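Here are the chains, one letter per residue:
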Amino acid sequence: MISLQLHTINPNSSSLKTSSFPISTSSHYFNSKSLKPHFKSTPYNTSTIVSVLQWNRKPQLAGETPRVVVITSGKGGVGKTTTTANVGLSLARLGFSVVAIDADVGLRNLDLLLGLENRVNYTAVEVLNGDCRLDQALVRDKRWSNFELLCISKPRSKLPLGFGGKALIWLVDALKSRQEGSPDFIIIDCPAGIDAGFITAITPANEAVLVTTPDITSLRDADRVTGLLECDGIKDIKMIVNRVRTDLIRGEDMMSVLDVQEMLGLALLGVIPEDSEVIRSTNRGYPLVLNKPPTLAGLAFEQAAWRLVEQDSMKAVMIEEEPKKRGFFSFFGG
Amino acid sequence: MASISTSIPLIRFQSNSFKLTNKFKRQILATGLDFRPEIRLLNCNFSYFNKKYRKKERDFVFRVCCSSSEDSDNKFVGNEVEKEKDIVELEKPVGKLQETVDSIAPILFGMKKHISTNVAVGLCLAIAFVVISIREYLIRKSRSNHHGSVEDLVKRGQLRSDRRGISRPLKYDDPFNNPLVKVSKSNSTVEMCGKVYRLAPVTLTEREQSNHQKRRSRAYQWKRPTIFLKEGDSIPPDVDPDTVRWIPANHPFATTVNDIDEDLAQSNVYQKRGVPFRIKAEHEALQKKLETLQNEQKLSKLVIDPGSVKDFERPFKSFSSHETQDGNDSTPKPDGSVNSSESTTSFDELQKP
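No experiment lies behind these values; they were computed from the predicted model shown.

Analysis parameters
- Residues numbered from 1 in each chain as written.
- Chains lettered and ligands numbered in written order.
- Predicted model: local features only at pLDDT ≥ 70, side-chain atom pairs only at ≥ 80, totals over all residues.
- Heavy atoms only, no water.
- Helix = DSSP H or I, 4+ residues; strand = E, 2+ residues; numbered from the N terminus.
- Buried < 20%, exposed > 50% of the residue type's maximum accessible area, 1.4 Å probe, protein only.
- Phe/Tyr/Trp six-rings, centres within 6.5 Å; stacked < 30°, edge-to-face > 60°.
- Core = buried A, V, L, I, M, F, W, Y, C linked by side-chain atoms within 4.5 Å.
- Contact = heavy atoms within 4.5 Å.
- Salt bridge = Lys/Arg side-chain N within 4 Å of Asp/Glu carboxyl O.
- Arc of directions from axis to C-beta.

## Let's talk about the overall build of chain A
Step number 1: The helix and strand tally for chain A stands at 12 helices and 12 strands.
Step number 2: Burial statistics for chain A: of 334 residues in total, 63% are counted as buried.

Shown next as structure tokens:
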């Protein structure tokens, strides 16, 4: 697992504190007056980039626990649930206790992505009704026992709308005060849209991860959702740009990640390349980050999880694929 | 090899000169004999000649041989003088024949060498072919692993088919040490999963970020809805209309009807141990119902014959027997064999179809 940290050689460059976090990452941003990314007009000034690899160490948890993170997007189908499943399990693999809450009342899917659909007997609605206790409704993942899933409701049950937000706050409080200790992360998978489900999901959250794809429809929704989150008092918002295709960016058929950042003005938590393995992992109910050998998207999710733990953001992005220099014996597989 | 090759032209030469006189024969034979030691000498001397020269010589000699044979048939018979001349001339081709023989030997030797190298090259190519084909086979085999395919959906019971065993889960053990990610020494590129990507620095500044926040705060004025009302409902007087969320009456999974007791719900969520509220309540209700039933039965026992009641109470037989024990003290019991007799009767009843 790596995380890229990039430092400028120039010490006078303006630094951006991504948030008022207790751990200050040794990150310095690049001083640029114009919003346009530099790499279009000038060749990449790669000499200024110095990256540090983080090998063989556990990321340091920043902020107060439990960190309540809502994963939202506005638009549907951009990868909120995939992000929740992969980031959640990455965090569990990094050694943190995680509770993932599927706040999509009518159309829950997180259990499918995690392969836990046969084990969801009770949901939060049953807890509220007194049919079961909270610990009975939490579905513990057998692969990583420090990962638990809580679904809000069964697909056909109706939840009183004015009640969802309050219920989630109670649930978070109950999780904080449980016997085995408070979880490090509570990740809430938000439904699409800005309806009642969205309002319910963002109610207990302290920070938000905005998932978007590099297309204008998704960006417009993302901008609106960011505005609503900021109105609601959630200031710590980072974005994950999903389904990035470097070949299309190269041909200028797709916006680059830096273009997306220029439009939204949010710190980058991760860039996830388009990967055919995503659909296969969805079908299998086995998140990408558990794939062996690891896939490109899985690695990107791991890095995003790493940054989420340390409340860090990306300092450099992958922009295009370079032809790999092949050796003499490459024909034989060398 | 050399000796064999030399003998062939000699025989031919002899056959050509078969019709000649004995004198010539002797001469020819003599010359033929005389060649032999020279051949050996020339074997080593001419082996260094270049191939072109040898080829020319050989062609020339063969031509001479052929012409001599034809000439011998036609001309030598009649004209001895001419034959003499021809024989003298023949001596030259013989010399060249000797050279030819010499030149053939190294060629053959060289051919031997060529054959050995060709075999080696062929072997290498064969090995390379085998290696490539094995590699291709392995790659195709690895591709044919259909993880995440429809087959997996079948395995997981998402599709209707025979449910087979779920595949063994993969464990990715070490998230901290990933050899598939390499950053170049100049930090300008990163290699992930065998693909090299160019890196570019992020150019977002704090100022830009705050500008975006200001823009959004101007663009989106929003208050979190605090009350959810069905379309058509009237707004309560003390509620800000901006915080009202209107829900359509036919919403598939949302309802504005709030029939949940909030305090009770909260206590349910905070409950750490023990029986959940609803289960407990249902259990208590059942218990009460049962008690009332039993009380009714007690009352009915006063009216109805207790023996007939016993027949209707098979599941509660042991329980009712205790009840009767406690309740009907007046009934005489000669010994403590009531339970045993009841157990036998119950056993008999079980035996009946």
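## A word on the packing of aromatic side chains
Step number 1: Tallied over the full model, the rule gives 2 aromatic pairs over all chains.
Step number 2: On the basis of an interplanar angle of 80° and a centroid distance of 5.9 Å, the ring pair of A:Phe96 and A:Phe185 is categorised as edge-to-face. Of the two residues, A:Phe96 sits in the loop between helix H2 (80-93) and strand E4 (98-102) while A:Phe185 sits in strand E8 (residues 185-189), which places them 89 residues apart along the sequence.
Step number 3: For the ring pair A:Phe198 and B:Trp222, a centre distance of 6.3 Å and an interplane angle of 55° mean the geometry is tilted. Remark: B:Trp222 occurs in the loop between helix H6 (206-219) and strand E4 (227-230) and A:Phe198 occurs in helix H7 (residues 196-202); the pair is interchain, linking two chains. Comparing A:Phe198 with B:Trp222, the two get one shared label, buried.

## Brief notes about the nonpolar core
Step number 1: Counting residues in each nonpolar core, the largest one holds 61 residues, and the members touching the most others are A:Phe198, A:Leu268 and A:Val317.
Step number 2: The element contributing the most residues to this core is helix H6 (residues 161-176) of chain A, with 8 residues.
Step number 3: The contacts of A:Phe198, once residues within four sequence positions are left out, are A:Thr72, A:Cys190, A:Pro191, A:Gly193, A:Val225, A:Leu228, A:Leu229 and B:Trp222.
Step number 4: Membership of the second largest hydrophobic core comes to 41 residues, among which are A:Ala100, A:Val289, A:Ala300 and A:Leu308.

## Section: the pattern of salt bridges
Side chains that differ in sign of charge can pair as their charged atoms come close.
Residue and element names in this part refer to chain A.
Step number 1: Under the defined criterion, the tally for this structure stands at 17 salt bridges over all chains.
Step number 2: One salt bridge in this structure joins Arg 67 and Glu 207, with 2.6 Å as the shortest N-O distance. A residue pair is termed long-range when its members are at least 10 positions apart, and Arg 67 in strand E3 (residues 67-72) and Glu 207 in strand E9 (residues 207-212) qualify at 140 residues. Considered together, Arg 67 and Glu 207 belong to a single accessibility category, that of buried residues.

## Observations concerning helix H7 (residues 262-270) of chain B
Step number 1: Considered for burial, the residues of H7(B) that qualify are B:Ala265, B:Asn268 and B:Val269. For H7(B), the angular spread of buried residues about the axis comes to 100°, placing them on one side.

## Here's the deal with the environment of A:Cys151
All names here are of chain A.
Step number 1: Inspection of the secondary structure puts Cys 151 in strand E6 (residues 147-151).
Step number 2: The class of Cys 151 is buried, set by a relative accessible area of 1%.
Step number 3: Expressed as a C-alpha distance, the spacing of Cys 151 and Ala 124, which sit 27 residues apart in the sequence, is 6.2 Å.
Step number 4: Apart from residues no more than four positions distant in its own chain, Cys 151 is found in contact with Asp 102, Arg 108, Asp 111, Val 120, Thr 123 and Ala 124.

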